[in-house]
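Notes for the structure review
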Protein chains: 2
Amino acid sequence: MAAMLSMSAGFAEEWLPLPANSPVPDDNPQTATRIELGKQLFFDPRFSSTGTVSCNSCHNLMSGGDDSRATSIGVHGLAGPRNAPTVWNAAFHSVQFWDGRAASLEEQAKGPVVAQVEMGMRSLDDAISRVRRIPGYVDQFRQIFGGDNPVSVDNAARAVAAFERTLITPGSAYDRYVMGDKTAMSEQQQRGMKRFNALGCTGCHRPPAFTGPWLPGGFFVTFPFHDSPYVAKYKLRDDMGREAVTGKPEDRHKYRVPTLRNVALTAPYFHNGGVATLNEAVQVMAASQLGIKLDTGESADIVAFLNTLTGPFPEIALPRLPPTPGESVIPVN
Amino acid sequence: MAAMLSMSAGFAEEWLPLPANSPVPDDNPQTATRIELGKQLFFDPRFSSTGTVSCNSCHNLMSGGDDSRATSIGVHGLAGPRNAPTVWNAAFHSVQFWDGRAASLEEQAKGPVVAQVEMGMRSLDDAISRVRRIPGYVDQFRQIFGGDNPVSVDNAARAVAAFERTLITPGSAYDRYVMGDKTAMSEQQQRGMKRFNALGCTGCHRPPAFTGPWLPGGFFVTFPFHDSPYVAKYKLRDDMGREAVTGKPEDRHKYRVPTLRNVALTAPYFHNGGVATLNEAVQVMAASQLGIKLDTGESADIVAFLNTLTGPFPEIALPRLPPTPGESVIPVN
């Protein structure tokens, strides 16, 4: 049961704990076999041009679901323009990517495979033709999806999305606190929580996932909204944001509001990963979105609160990737 | 109990199954905490210059303990000169690397961290200074190793080696067969086994690990020994082999004999990864080392036998990599 806290100037009407399950679309049920196939595909580097990059390379499930880097590196050492968003709790976002250009996890999963600075395949057809050469995958696709063309790009994306919907972290210190365990958060963390709400952070980062609200078309906010010295220092306006997707000037510098779940594990911060620490990121947000400057104690309290949104992480067994005995699907030359 | 098989022209005096445990040096005992630490380090990409390459990147435990590539790719998209040897059963090799330049797994573990085409750190000191910034590692090193300087390069290498000594695959079809289960191998596989021995393959690839014999200085063989069209076709003599380590002309084109355990999962083949399929690799070995040509049926039988040396693989839980909340050890710029 979620606690109702009285907050004079706040926005969070209800401090909800993260649900035990994430939203699931009707056309992609969470079956055990689908999840297991998706897990194998998620960890398999053979669907990158060089055989070196998997989903997990930039969305590392052994840590914060990202890559500890400012911007990600894909095949051939190429760096992309943006910071890898965490895959943990991505299922609670109504749209995917920083600019919200994918409406679902299924749609998102196809992007990096053919991005030339990520997995670098020439086409999704090339990628799925590698899958078709691996008997252990073909068997699973047949059994799970059936039909005339079970080994398809859409079905691969469905499997990966099903696996990603299991990558959620209910039961954090915050969750336990709002469910009634008043020992789960320290005094400082509780102070930070109240401050986070009183300042208006919850206006965009709403419980339980501390994302924007779930809207079919996505919920987008201009960042940075206010001018500050941070804009130049961290090059915060070099990226056009959602305008590059829609072509509309009113979408300039607009971004989907990212979840703050596990934010302490996803440094460095923001769309370009330009800000090294969480404490500095909190200061940048206060200046850029609220037009205020926090004193040291205030930002420390908020950082302490944000740390209550970390984990716990489900145990995951390393998958066995189905083999092609006696040969490799990666070309020798 | 190992089966004694009568072999008229063979070398394998005894068809030994792989032991349940690998050899362990006196100064690095296999404790649970040491193995667990080594596993975290093995999977942690933060000890490469870019934060993108871990031991597991090229020695993937989800598959054949290698990377499905001809030669490996490290940081900045740089390719090394040699094929990644499998880490599965590496503990049964008396020396490490293709040229045997490391006398132990401990010594081997340090090499790739500072190889500029692999993990690309400037020095081992740089790498260990990153480890020292991660509290969850510091605690483990202290508890496991104690002393004045617990977080050291040598101790990190010990932990990784301890983990690697658990990466063994007893219980394959071959192992079950020689331990008495006569249904574990097909007729063709049994035929291939006899042929493998009768041809003399066991002279170098000896049971139980199908490596060279365990010699303190290593066991090295010239490859290719005989001339054949394969030498030019696959550039088999472009690499100087062990001569590059010792400077001695008599070590030219000499290599440590690699294990054939799981060889069906480690295509492409040889020190330069130039040969795409296991069947072709068997033909190349027959020509290069025995000076003979196998007919199609003979090589197919041997390939069938080699497939009995695959797996089974231990279940491994994905490690949690200790965090640095609110910051990353990878520099932003």
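Residues numbered from 1 in each chain as written. Chains lettered and ligands numbered in written order. Predicted model: local features only at pLDDT ≥ 70, side-chain atom pairs only at ≥ 80, totals over all residues. Heavy atoms only, no water.

Below, the discussion takes up the interface of chain A and chain B. Listed as interface residues are 44 residues of chain A and, on the opposing side, 45 residues of chain B. Taking both partners together, chain A and chain B bury about 3,300 Å²; carbon and sulfur atoms supply 63% of that area. Area buried by chain A at its contact with chain B is led by A:Met62, A:Leu318 and A:Arg320, which between them contribute 23% of it. At the surface where chain A touches chain B, the tally comes to zero salt bridges. Of the residues assigned to the side of chain A that touches chain B, the class counts are 24 nonpolar, 15 polar and five charged. (Contact = heavy atoms within 4.5 Å. Buried area = accessible area lost by both parts, 1.4 Å probe. Salt bridge = Lys/Arg side-chain N within 4 Å of Asp/Glu carboxyl O. Nonpolar A, V, L, I, M, F, W, Y, C, P; charged D, E, K, R; others polar.)

Moving on, we get to the domain arrangement of chain A. Residues and elements named next belong to chain A. In terms of domain boundaries, chain A breaks down into domain 1 (32-164) and domain 2 (173-309). Each of domain 1 and domain 2 has a C-alpha centre, and these two points are 27 Å apart. Tallying the contact residues gives 24 residues for domain 1 and 28 residues for domain 2. Buried area between domain 1 and domain 2, summed over both chains or domains, comes out near 2,100 Å², and the portion from carbon and sulfur atoms is 57%. Contact with domain 2 buries area across many residues of domain 1, yet His93, Ser94 and Trp98 alone supply 31% of it, more than any other trio. Along the contact surface separating domain 1 from domain 2 lie one salt bridge. (Domains from an automatic or database assignment.)

Each copy of the sequence occupies a distinct position, and chain A is placed on chain B by a rotation of 180° and an axial shift of 0.0 Å, giving an RMSD of 0.0 Å. Expressed as an axis order, the relation between the two copies is that of a two-fold axis. (Least-squares fit on C-alpha atoms with pLDDT ≥ 70 in both.)

Attention shifts here to helix H12 (residues 296-306) of chain B. It helps to recall that an α-helix has 3.6 residues per turn; residues three or four apart then point in one direction. All names here are of chain B. Looking at H12, one finds that the buried residues are Ser299, Asp301, Ile302, Val303, Ala304, Phe305 and Leu306. Packed against the buried residues of H12 are helix H7 (173-178), helix H8 (187-198) and helix H11 (278-290). For H12, the side-chain oxygen to backbone nitrogen distance between the N-cap and Gly297 is 3.0 Å, and the N-cap itself is Asp295. (Buried < 20%, exposed > 50% of the residue type's maximum accessible area, 1.4 Å probe, protein only. Helix = DSSP H or I, 4+ residues; strand = E, 2+ residues; numbered from the N terminus. Polar contact = N/O pair within 3.5 Å; in protein donor to acceptor, adjacent residues only side chain to side chain.)

Turning to the packing of aromatic side chains, a few remarks are in order. By the definition in use, this model includes 32 aromatic pairs over all chains. When the ring of A:Phe43 is compared with that of A:Phe163, the centres are 6.5 Å apart and the planes differ by 50°; the resulting orientation is tilted. Note that A:Phe43 is positioned in helix H1 (residues 32-43) and A:Phe163 in helix H6 (residues 153-164), a separation of 120 residues in sequence. Of the two residues, A:Phe43 and A:Phe163, neither departs from the other in class, the shared state being buried. Connected via pairs of aromatic rings, a cluster forms that spans A:Trp15, A:Tyr174, A:Phe196, A:Phe210 and A:Phe305. Over the aromatic face of A:Tyr177 sits the side chain of A:Lys182, whose NZ or CZ is 4.2 Å from the ring centroid. Just above the ring of B:Phe97 sits the side chain of B:Arg101; from NZ or CZ to the centre is 3.7 Å. (Phe/Tyr/Trp six-rings, centres within 6.5 Å; stacked < 30°, edge-to-face > 60°. Lys NZ or Arg CZ within 6 Å of the ring centre and 35° of its normal.)

Moving on, we come to the packing of helix H1 (residues 32-43) of chain B against helix H5 (residues 135-145) of chain B. Helix-helix packing is characterised by the crossing angle of the two axes and by the distance between the axes. Residues and elements named next belong to chain B. Axis separation between H1 and H5 bottoms out at 10 Å; the angle between their running directions is 150°. Considered as vectors, H1 and H5 are oriented roughly antiparallel to each other. Between H1 and H5 lies a crossing of left-handed hand. Between H1 and H5, the residues in contact are Thr33, Arg34, Leu37, Gln40 and Leu41 and Tyr137, Gln140, Phe141, Ile144 and Phe145, respectively. Here the residues of the contact of H1 with H5 are counted per class, giving six nonpolar, three polar and one charged. (Axes fitted to C-alpha atoms, helices over the stretch in contact; angles between N-to-C directions. Parallel < 35°, antiparallel > 145°, perpendicular 65-115°, else oblique. Left-handed = near helix turned anticlockwise from the far one by under 90°.)

So, about the nonpolar core. One broad rule of soluble globular proteins: the nonpolar side chains tend to lie buried together. Of all hydrophobic cores here, the largest spans 79 residues; its most connected members are A:Leu61 and B:Leu61. A:Leu61 has contacts with A:Phe42, A:Phe43, A:Asn56, A:Val87, A:Trp88, A:Phe163, A:Leu167, A:Ile316, B:Leu318 and B:Arg320, leaving out every residue within four places of it along the chain. (Core = buried A, V, L, I, M, F, W, Y, C linked by side-chain atoms within 4.5 Å.)

Residue and element names in this part refer to chain B. Along the chain, Thr211 falls in the loop between H8 and strand S1 (220-222). The exposure class assigned to Thr211 is buried, which follows from its relative accessible area of 5%. Not counting chain neighbours up to four residues away, the residues in contact with Thr211 comprise Phe92, His93, Cys204, His205, Arg206, Val257, Pro258 and Thr259.

Here we come to the pattern of salt bridges. The full count for this structure, using the stated rule, is 26 salt bridges over all chains. Between A:Lys110 and A:Asp154 there is a salt bridge whose closest N-O contact spans 2.6 Å. Of this pair, A:Lys110 sits in helix H3 (residues 105-114) while A:Asp154 sits in helix H6; the two residues are 44 residues apart in sequence, bridging distant segments of the chain. We classify A:Lys110 as partly exposed; its relative accessible area is 25%. Overall, the relative accessible area of 39% leaves A:Asp154 in the partly exposed class. One salt bridge in this structure joins B:Asp126 and B:Arg122, with 3.2 Å as the shortest N-O distance. Taken together, the shared-partner salt bridges connect A:Arg82, A:Asp99, A:Arg101 and A:Asp239 into one network.

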